[in-house]
Amino acid sequence: MRFHHTNRPGFLLGFIDFFTAGLFFLLYMPLGGLQDELDAILGRRTQRYWVAYLWGVPTLFLYTLVWMARIAEELKVKAVELGLEGPYTSWRHMFGWNVFGLLLCGPMVATHRFFDTLNRVERELNRRGASL
C-alpha cells in the first residue's frame, strides 16, 4: 500500500476536532482514508472511530481518549520497529496532553504529535516500498 497523505497538519486537525467535540474525526477517519491507513500500518483492523466515539458519549469521552491513546502507543511501537528517531506519540503523551493540558491547547499538541509520528511512519514505509 502506498500512502498518499504523509503531510497531515496535526495541530490544525486537532484544533478543528477539539472545537467540533470530535465530530470532525467522525467524517475525517473514514473519508480521509485515515482508518484504512491505520489498519494497514498496524496490521490489523482497528476498532472504528465512530464506535469509540459512541462509547465515549456516556463515558464523557474517556473511552474515546483511551482508544486514541492505544492507537498512539501502537504507532509508537511501529515507529521504533522501523528505526525512526523520536520524539514519538505514545499512550502517556496522548492521554496526558488531553487530560492535563486541556486548558493549554493540549488536545492540539497531542494530535500534532500523533500525526507527526504517523506522517513519518508513512513516509518511511513509502521509502522502503513496503507492501502491507
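Everything quoted here is computed from the prediction, not taken from an experiment. (Residues numbered from 1 in each chain as written. Predicted model: local features only at pLDDT ≥ 70, side-chain atom pairs only at ≥ 80, totals over all residues. Heavy atoms only, no water.)

A.B. asks: Give me the overall build of the protein: which residues, what numbers.
C.D. replies: The number of helices and strands found in the protein is 7 helices and 0 strands. If you list the helices and strands of the protein from N to C, you get α-α-α-α-α-α-α. The C-alpha radius of gyration computed for the protein amounts to 14 Å, which stays within 12% of the reference 14 Å derived for 132 residues, consistent with globular compactness. Each principal axis of the C-alpha distribution contributes one length, and for the protein these read about 40 × 25 × 20 Å. Buried residues in the protein amount to 47% of all 132 residues. (Helix = DSSP H or I, 4+ residues; strand = E, 2+ residues; numbered from the N terminus. Rg over C-alpha atoms; globule rule 2.2 N^0.38 Å. Buried < 20%, exposed > 50% of the residue type's maximum accessible area, 1.4 Å probe, protein only.)

A.B. asks: Explain the packing of aromatic side chains to me, and be specific about the residues and the numbers.
C.D. replies: Within the structure shown, the criterion is met by 13 aromatic pairs. With a centroid separation of 6.1 Å and 45 degrees between ring planes, the pair formed by Tyr-49 and Tyr-53 is classed as tilted. Here Tyr-49 and its partner Tyr-53 are both found in helix α4 (residues 49-56), 4 residues apart, which amounts to about one turn of the helix. You can call Tyr-49 buried: its relative accessible area is 7%. Judged by relative accessible area, which is 11%, Tyr-53 ranks as buried. With a centroid separation of 4.9 Å and 20 degrees between ring planes, the pair formed by Trp-91 and Phe-95 is classed as stacked. Here the residue Trp-91 and the residue Phe-95 both occupy positions in helix α6 (residues 91-100), the gap between them amounting to 4 residues, near one helical turn. For Trp-91, a relative accessible area of 33% gives the class partly exposed. Clustering of aromatic rings is evident, with ring pairs tying together Phe-24, Phe-25, Tyr-28, Tyr-49, Tyr-53, Phe-61, Trp-67, Phe-114 and Phe-115. (Phe/Tyr/Trp six-rings, centres within 6.5 Å; stacked < 30°, edge-to-face > 60°.)

A.B. asks: Help me get a handle on the side chain of Asn-98, residues and values and all.
C.D. replies: Checked against the element boundaries, Asn-98 lands in helix α6. Within the structure, the side chain of Asn-98 is placed 2.8 Å from the backbone oxygen of Met-94, a separation counted as a polar contact. For Asn-98, the contacting residues outside a window of four places in its chain are Leu-65, Pro-107 and Ala-110. (Polar contact = N/O pair within 3.5 Å; in protein donor to acceptor, adjacent residues only side chain to side chain. Contact = heavy atoms within 4.5 Å.)

A.B. asks: Which residues make up the packing of helix α3 (residues 34-42) against helix α5 (residues 62-81), and what values do they have?
C.D. replies: At a minimum axis separation of 10 Å, α3 and α5 run at an interaxial angle of 45 degrees. Taken together, the axis directions place α3 and α5 in an arrangement best described as oblique. In this structure, α3 crosses over α5, and the sense of that crossing is left-handed. Contacts from Gln-35, Leu-38, Ile-41 and Leu-42 of α3 reach α5 at Trp-67, Ile-71, Glu-74, Leu-75 and Lys-78. Residue composition of the contact of α3 with α5, grouped by class: 6 nonpolar, 1 polar and 2 charged. (Axes fitted to C-alpha atoms, helices over the stretch in contact; angles between N-to-C directions. Parallel < 35°, antiparallel > 145°, perpendicular 65-115°, else oblique. Left-handed = near helix turned anticlockwise from the far one by under 90°. Nonpolar A, V, L, I, M, F, W, Y, C, P; charged D, E, K, R; others polar.)

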